[in-house]
There are 2 protein chains.
Amino acid sequence: MKEQDNDSKGLSRRKMLIGTGALAAGVAVTQLGGFIKPAIATGSKAQKWPWPYKKLDPAKTAEICYNEWYRVFCGAAVINSIFSQLGEKFGEPYTSFPADAFVFLEGGQVGWGTICGSPAGANIVANLIIGPRIADANEGHHMATDIMQWYSEAKLPTFMPKKRKISSTYPKTVSESPLCHISVGKWMKEANKSLKSPERKERCARVAASTAYRLVEMLNAWHDDDYESTSDFSAVREHGITGQFNCMECHTDDVPETPGA
Amino acid sequence: MKEQDNDSKGLSRRKMLIGTGALAAGVAVTQLGGFIKPAIATGSKAQKWPWPYKKLDPAKTAEICYNEWYRVFCGAAVINSIFSQLGEKFGEPYTSFPADAFVFLEGGQVGWGTICGSPAGANIVANLIIGPRIADANEGHHMATDIMQWYSEAKLPTFMPKKRKISSTYPKTVSESPLCHISVGKWMKEANKSLKSPERKERCARVAASTAYRLVEMLNAWHDDDYESTSDFSAVREHGITGQFNCMECHTDDVPETPGA
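Residues numbered from 1 in each chain as written. Chains lettered and ligands numbered in written order. Predicted model: local features only at pLDDT ≥ 70, side-chain atom pairs only at ≥ 80, totals over all residues. Heavy atoms only, no water.

For chain A, an unreviewed UniProt entry supplies the name C_GCAxxG_C_C family protein and the organism Desulfotalea psychrophila.

Student: Would you mind going over the environment of T95(B) with me for this structure?
Tutor: Relative to the helices and strands, T95(B) is located in the loop between α1 (58–90) and α2 (117–130). With 12 residues separating them along the chain, T95(B) and F83(B) place their C-alpha atoms 7.8 Å apart. (Helix = DSSP H or I, 4+ residues; strand = E, 2+ residues; numbered from the N terminus.)

Student: Just to check I follow, could you spell out unusual backbone geometry for this structure?
Tutor: In terms of backbone geometry, most residues other than glycine have negative phi values and most peptide bonds are trans. Residues and elements named next belong to chain A. Of note, the bond from E92 into P93 is cis; its omega dihedral lies within 30 degrees of zero at 0°. By secondary structure assignment, the location of P93 is in the loop between α1 (58–90) and α2 (117–130). Of note, D225 is a non-glycine position whose phi angle comes to about 55°, a positive value. Tracing the backbone through its elements, the reader meets D225 in the loop between α5 (198–223) and α6 (235–239).

Student: Hey, could you run me through the interface of chain B and chain A in this one?
Tutor: The parts lose accessible area when they come together, and the size of an interface is often stated as this lost area. Counting from both sides, the interface comprises 93 residues of chain B and, opposite them, 93 residues of chain A. In this assembly, chain B packs against chain A so that about 7400 Å² is buried in total across both faces, 66% of it on carbon and sulfur atoms. On the surface where chain B and chain A come into contact, there are 2 salt bridges. One salt bridge connects R133(B) with E106(A), and the closest N-O pair in it is separated by 2.7 Å. Elements that contribute at least two residues to the side of chain B that touches chain A include exactly α1, α2, α3 (138–153), α4 (180–191), α5 (198–223) and α7 (248–251) of chain B. Considering every element that reaches the side of chain B that touches chain A, the biggest residue donor is α1(B), with 11 residues. Along the lines of polarity and charge, the residues of the side of chain B that touches chain A split into 45 nonpolar, 32 polar and 16 charged. (Contact = heavy atoms within 4.5 Å. Buried area = accessible area lost by both parts, 1.4 Å probe. Salt bridge = Lys/Arg side-chain N within 4 Å of Asp/Glu carboxyl O. Nonpolar A, V, L, I, M, F, W, Y, C, P; charged D, E, K, R; others polar.)

Student: Just checking my understanding: could you explain the packing of α1(A) against α5(A) for this structure?
Tutor: Between two packed helices, the angle of one axis relative to the other and the distance separating the axes together describe the packing. Residue and element names in this part refer to chain A. Where α1 contacts α5, the two axes come as close as 7 Å, and the packing angle between them is 125°. Accordingly, the angle class assigned to the pair α1 and α5 is oblique. Relative to α5, the crossing made by α1 is right-handed. (Axes fitted to C-alpha atoms, helices over the stretch in contact; angles between N-to-C directions. Parallel < 35°, antiparallel > 145°, perpendicular 65-115°, else oblique. Left-handed = near helix turned anticlockwise from the far one by under 90°.)

Student: What am I meant to see in the pattern of salt bridges here?
Tutor: Residues and elements named next belong to chain A. This model, assessed by the stated rule, comprises 18 salt bridges over all chains. Between K193 and E199 there is a salt bridge, with its nearest N and O atoms 3.7 Å apart. When its relative accessible area of 29% is taken as the criterion, K193 is described as partly exposed. Beyond isolated ion pairs, a larger network of salt bridges with shared partners links E68, R71 and D100. (Buried < 20%, exposed > 50% of the residue type's maximum accessible area, 1.4 Å probe, protein only.)

Student: Can you help me understand the relation of the copies chain B and chain A in this one?
Tutor: For these two chains of identical sequence, chain B goes onto chain A by a turn of 180° and a shift of 0.0 Å along the axis, with RMSD 0.0 Å. What the superposition gives is, in effect, a two-fold axis relating one chain to the other. Taking C-alpha positions as the reference, the residue of chain B nearest the rotation axis is C250(B), at 2.3 Å. In this assembly, 100% of the residues forming the interface of chain B have copies in chain A that are likewise at the interface, indicating an isologous arrangement. (Least-squares fit on C-alpha atoms with pLDDT ≥ 70 in both.)

Student: Would you take a moment to explain empty space enclosed by the protein for this structure?
Tutor: Residues and elements named next belong to chain A. Enumeration according to the criterion identifies 7 cavities of 30 Å³ or more in this entry. A volume near 220 Å³ is recorded for the largest cavity. Listing elements by their share of the lining of the largest cavity, those giving two or more residues are α1, α2, α4 (180–191) and α5. The element best represented in the lining of the largest cavity is α5, accounting for 4 residues. (1 Å grid on protein atoms, 1.4 Å probe; cavity = no way out; pocket = protein on both sides within 12 Å on 5 of 7 lines; lining within 4 Å. Points joined across faces, edges and corners; volume = space filled by probe spheres on them.)

Here it is, written out as structure tokens:
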């Protein structure tokens, strides 16, 4: 099995303008798939893909996710909003998945501000249901890249729950990043609200709900054999290093050359 | 259940020097625990914590992890190196955990350069075995903060496998971050090797093995009731926003005030 490198062969693709985050039109990402080798010890049926799936209602799922955020926070809320419904329908392997353990995804993993728990949870769900690329199930990997790009480009939150914990109106923001620190920080600046404010918490609950909504749309399309990956960016392919698309947001005007290229 | 905010009450703690990453001596982080409310639907025994554990050999675990990297890459390798051994000993709930689905943690989640898969996998293992903080099991959360800080401060890789895929020697580097992009980028710069080089892959396999080694040391101490959290940094507590400790590495000399503080 080759490591993921997102090499495209003859595909047109997004051009990245370093420093602006602006992206030209383009097409899809190829992915190097393959066949799974035997696991060391855990060859359970939970490691056979895809897991059973029925189409879910995105809005109902998002409502569940919104309420779950106030119990288990972003990552576990996204997982539970989908797995609770599929567990009721199918039982295993959903009922044995310990979703509540993923509370630690909060705050970009225990408060360290890395990947926001909402896309982190969505990536888990997509890859658990569809399977990993080493099992010749590339759609899970593609769906995760789509989630990362959607999250970065969307004006969040996109979903408004019917029964809201607080009724405040506040700005929506584009993060240009899947990182919690950046997503939350840009919103806090625009809204002039602190991390501990009820509005920030409500915003994050709605962002989780928005992510669950978008993920269910993708999973439903996949279930109908109508899923096509829309992500058209790969830092590995474009720049020879893992990363996101707007280098200068952190590097300013001193973007280093990729070493050893 | 309150959201994690790492508020310390009367504890001394690390002082953060913005821009240098230098940290003065200090003590531990408090965490707001609580009691778990019922899950929506998936109340399986896999959601009862702690999971059974026996002390593992850190070096043996690291060797397994190193070899697993070449099959499932960083995140899933860390998970499998521990769960394969515990699955052989205890069976469930380990054997039903779909570890191979976590291949997507590679490259900081499908190549986006966010959290390195090694700490991401270690955080999953710690929180699955010990449980989430909402289940009144704060050690899982603490262990994840310890992993994040250890990964950021260690000269990686710390572990050298006995049977190596390639025998090259190359530099060890301190990432000052749990992010894949930064960890891999600093190593690539120091080693002057590309992402696709065998040396970079070997380095990442050894980093995963190093992380598994360190995690097993922590889990063994926890099993002996001798685990004490060593992490002494919280961006939430220090700065009112999720994040890491070296603000100026990205913000340079323009570190914004925390909004709404």
